[in-house]
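Architecture at a glance
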Amino acid sequence: MIQILSIFRREFSGYFSTPIAYVFIVIFLFLNCIFTFFLGDIYARGQADLEPFFTWHPWLYLFLVPALAMRLWSEERRVGTVELLMTLPVTVWQAVLGKYLAAWAFTGIALMLTFPVWITVNYLGDPDNGVVIAAYIGSFLMAGAYLAIGACISALTKNQVIAFVVAVVVCFLFTITGLPMVTNLFSSWAPQAVIETISSLSFVTNFQNISRGVIDARNLVYFASLIVFWLFVNTLVVGNRDGA
Amino acid sequence: MTALIEVGSVSKQFGSIRAVDSVSFTVNRGEVLGFLGPNGAGKSTTMRIITGFLTPTSGSASVCGYDLAEEGIAARARLGYLPEGSPLYGEMTALEFLRFTASVRGLSTSKVAERIKWVVGQLGLGPVLAQPIETLSKGFKRRVGLAQSVLHDPDVLILDEPTDGLDPNQKHEVRGLIRTMSAHKAIIISTHLLEEVDAVCTRAMVINHGKVIVDCTPDELASMSRYRNAVTVCASTSSGGDLRVTLEGLAGVSSVEHVPKATVSNRFIAFPKDGKSIVGEVTRHLQEKGWEIEELEVDGGRLDEVFRDLTTTGSAKKPLH
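Because the structure is a prediction, the values reported are computed rather than measured. (Residues numbered from 1 in each chain as written. Chains lettered and ligands numbered in written order. Predicted model: local features only at pLDDT ≥ 70, side-chain atom pairs only at ≥ 80, totals over all residues. Heavy atoms only, no water.)

Here the focus is the packing of aromatic side chains. Under the definition given, this model contains 27 aromatic pairs over all chains. Note on Phe35(A) and Trp56(A): the rings are 5.0 Å apart at their centroids and 15° apart in plane angle, and the pair reads as stacked. With a gap of 21 residues between them, Phe35(A) in helix α2 (residues 20–39) and Trp56(A) in the loop between α3 (51–55) and α4 (57–69) connect regions that are remote in the sequence. According to the relative accessible area criterion, Trp56(A) is partly exposed, its value standing at 26%. Between Arg10(A) and the ring centre of Tyr89(B), over which it is positioned, the NZ or CZ distance is 3.5 Å. For the cation-ring pair, Lys99(A) lies above Trp73(A), with the distance from its terminal atom to the ring centre recorded as 5.0 Å. (Phe/Tyr/Trp six-rings, centres within 6.5 Å; stacked < 30°, edge-to-face > 60°. Helix = DSSP H or I, 4+ residues; strand = E, 2+ residues; numbered from the N terminus. Buried < 20%, exposed > 50% of the residue type's maximum accessible area, 1.4 Å probe, protein only. Lys NZ or Arg CZ within 6 Å of the ring centre and 35° of its normal.)

This next bit is on the sheet that holds strand β7 (residues 156–160) of chain B. All names here are of chain B. A sheet is described by the order of its strands in space; here 6 strands give the open sequence β6-β7-β8-β3-β9-β10, paired in mixed fashion. Only two strands of the sheet have a single neighbouring strand rather than two, namely β6 (79–82) and β10 (211–216). In this sheet, adjacent strand axes meet at a mean angle of 15° when their direction is disregarded. For β7 and strand β8 (residues 186–190), the ladder comprises 5 bridges, and the chain directions are parallel. Looking at β8, one finds that Ile-158 is bridged to Ile-188. Sheet contacts for helix α11 (residues 303–312): β3 (32–36), β9 (203–208) and β10; angle to β9, the most-contacted strand, approximately 35°. (Pairing = 2+ DSSP bridges. Axes fitted to C-alpha atoms, helices over the stretch in contact; angles between N-to-C directions. Contact = heavy atoms within 4.5 Å.)

Turning our eyes to something else, we now look at the sheet that holds strand β4 (residues 58–63) of chain B. Residues and elements named next belong to chain B. The strand order across the open sheet built from 4 strands is β2-β1-β4-β5, with neighbouring strands paired in antiparallel fashion. At either end of the open sheet lies a strand with only one pairing partner, and these are β2 (17–28) and β5 (66–67). Pairing of strand β1 (residues 3–14) with β4 involves 5 bridges; the strand directions are antiparallel. Note that in β4 the partner of Ser-11 across the bridge is Ser-58. Those strands touched by helix α1 (residues 43–50) are β1, β2 and β4, and its axis lies near 120° from that of β1.

Before going further, it helps to examine the side chain of Thr45(B). Residues and elements named next belong to chain B. Mapped onto the elements, Thr-45 comes out in helix α1. By relative accessible area, Thr-45 is classed as buried at 12%. When neighbours within four sequence positions are excluded, Thr-45 is seen to be in contact with Lys-12, Phe-14, Ala-19, Val-20 and Leu-54.

Its domain assignment divides chain B into domain 1 (3–222) and domain 2 (231–299). Averaged C-alpha coordinates put domain 1 of chain B and domain 2 of chain B at centres separated by 44 Å. (Domains from an automatic or database assignment.)

Bringing the pairing of β6(B) into the picture now. Residues and elements named next belong to chain B. Burial of the side chains of β6 extends over both faces: Leu-79 and Tyr-81 are buried on one face and Gly-80 and Leu-82 on the other. Where β6 meets β7, 4 bridges bridge the pair, whose relative direction is parallel. The partner of Leu-79 across the bridge, within β7, is Val-156.

Attention shifts here to the interface of chain B and chain A. If you look at the interface, chain B gives 24 residues, while chain A gives 27 residues. Regarding the contact of chain B and chain A, the summed buried area is about 2400 Å², with carbon and sulfur atoms giving 63% of it. When the buried surface of chain B facing chain A is broken down by residue, Phe53(B), Tyr89(B) and Val104(B) rank first, second and third, together holding 29% of it. The tally of links between chain B and chain A comes to 2 salt bridges. Joining chain B to chain A, the criterion identifies 8 residue pairs in polar contact (both at pLDDT 80 or more). Taken together, the elements giving at least two residues each to the side of chain B that touches chain A come down to β1, α2 (72–77) and α3 (94–104) of chain B. By residue number, the principal contributor to the side of chain B that touches chain A is α3(B), which donates 5 residues. The residue makeup of the side of chain B that touches chain A, split by class, is 14 nonpolar, 5 polar and 5 charged. (Buried area = accessible area lost by both parts, 1.4 Å probe. Salt bridge = Lys/Arg side-chain N within 4 Å of Asp/Glu carboxyl O. Polar contact = N/O pair within 3.5 Å; in protein donor to acceptor, adjacent residues only side chain to side chain. Nonpolar A, V, L, I, M, F, W, Y, C, P; charged D, E, K, R; others polar.)

With the rule as written, the count across this model stands at 26 salt bridges over all chains. Members of the salt-bridge network, linked through shared partners, are Arg10(A), Glu11(A), Arg71(A), Glu76(A), Lys99(A) and Glu91(B).

Next up on the list: the nonpolar core. Core analysis: the largest hydrophobic core is formed by 148 residues, its most contacted members being Phe25(B), Ile188(B) and Leu221(B). When residues in this core are grouped by element, the largest group, 14 residues, is from helix α9 (residues 129–154) of chain A. Aside from chain neighbours lying at most four places away, what touches Phe25(B) is Ile5(B), Glu6(B), Val7(B), Leu33(B), Phe35(B), Thr46(B), Ile50(B), Ile188(B), Arg203(B), Met205(B) and Asp215(B). Counting 14 residues, the second-largest nonpolar core is a separate cluster that includes Leu250(B), Val256(B), Ile278(B) and Leu286(B). (Core = buried A, V, L, I, M, F, W, Y, C linked by side-chain atoms within 4.5 Å.)

Bringing the packing of α3(B) against helix α4 (residues 109–123) of chain B into the picture now. Residue and element names in this part refer to chain B. Two numbers describe how α3 lies on α4: the axes approach to 11 Å, and their chain directions differ by 130°. In terms of orientation, α3 and α4 fall into the oblique class. Note on packing geometry: the crossing formed by α3 with α4 is right-handed. Residues Leu-95, Leu-98, Arg-99 and Ala-102 of α3 lie in contact with α4, whose contacting residues are Val-112, Ile-116 and Val-119. Class assignment for the residues of the contact of α3 with α4 results in 6 nonpolar, no polar and 1 charged. (Parallel < 35°, antiparallel > 145°, perpendicular 65-115°, else oblique. Left-handed = near helix turned anticlockwise from the far one by under 90°.)

Residues and elements named next belong to chain B. By the criterion of burial, β7 is predominantly enclosed, with 5 of the 5 residues buried. Burial along β7 is two-sided: the residues Val-156, Ile-158 and Asp-160 and Leu-157 and Leu-159 are all buried. A crossover connection joins β7 to the parallel β8 through helix α6 (residues 168–182); in handedness this β-α-β unit is right-handed. (Right-handed = clockwise from strand over helix to strand, strands pointing away.)

Structure, rendered in structure tokens:
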């Protein structure tokens, strides 16, 4: 436990001792504002809710989270510090978990800093704050899932650019599977059960369910199992160092 | 003596390359084992297997009785490791970095302060503790890496080229530190510097193409040199006679070579037969001739020559093991 905590602290403070933290947070907040107030046109809707704000989160995470995750392991491999880290008395999963949790906590902070949007809506109207909290939880879980994919892929390469691009592509697949453009491809010939299965694998579908205020166990299990699966693969990749 | 490091017929295959080929040895407490060998000989790979970073294709390694494959955590808790090139987290300060490794190793707060004070004193890190590691010179980076490896006072130390990039004074200090610690630890260092073997190692192991070619004391290694006990002599032969002919005539001398210097030309090196000492015989004869000896030097043996012989021809002249 002390090992996970030590690795977590090192990784987490690493964000703030480099410009990464500040650049990431500023851009995340800036893009959120653009999407919510201009593309989402939150005022014109005349409804006191945060839907235009949360709708864009999958698309924001699609690019920003892989950018955050790409250095998690590939930087360690490039500099060689992975050799230092993995010859300390820590297990692979402790290292994987410590680093992952640090990055996830960091996205959590970025997400929390969007609170002015929530205050604005409360000031202008009377939103259902239960739904807002559910949506925040859903958004945080979804960020965790994107991050687990990014962390795992970053362990596969020393090159951060490759880690980023591949992670974006994989995340993109998980994002679009529930959208009509994908389901329409199958709707003409595949049975309904197959379409529903494909659609249920989508980040967007699962996130939308939670962000409507319905915290369904299925959606939680979906994100949790996705995170566990990718972190498990991550430990396998980090554990096999013959190519390092 | 107890064996703190045990390596049992370890092999490591990378694709079609056999980086380490059934290497076996043990290192006891109080021993400093020097790994010698050309680049790519398998020194670093062997070290990575002992530290648990790489899993051997076959064979096993253990540290303090803990098998790396079975009880890796217990084994790694008892060893300190300086990886090749001393990789470090550049954005951390030296102090933050040392605190990080100490906390991962579970050292208590009071112990951490005491140990950090000790390593900082030993390695002269005081002036740079608050600086980000990426701004440090190569020498300081190496010393931060060393500090991390000895911070928890481990029984086993694995140091991959510990003095690489240090200036002569720093090399001297690091070697002094290794010698000080060597009495109650088992230490393996790898090096290209043959003088380092003489300076700190109690045992030398030459590795080439993944195989151990020689495992002996540095003195035994030096004794494989044809320069062992060779005598370099420069004498004024004003009373007449030829130095070279005289040396060649001695019973113990096998051959003589001319080794002129910029200022003196009458300077020769006499190689002994079978590495036996000939300095007594040489001086006696020169004195009998009444020649004044201006320079007389007995060679202990040249490690670089032995090293070249062993690693380029691929076979030792006088293999000990």
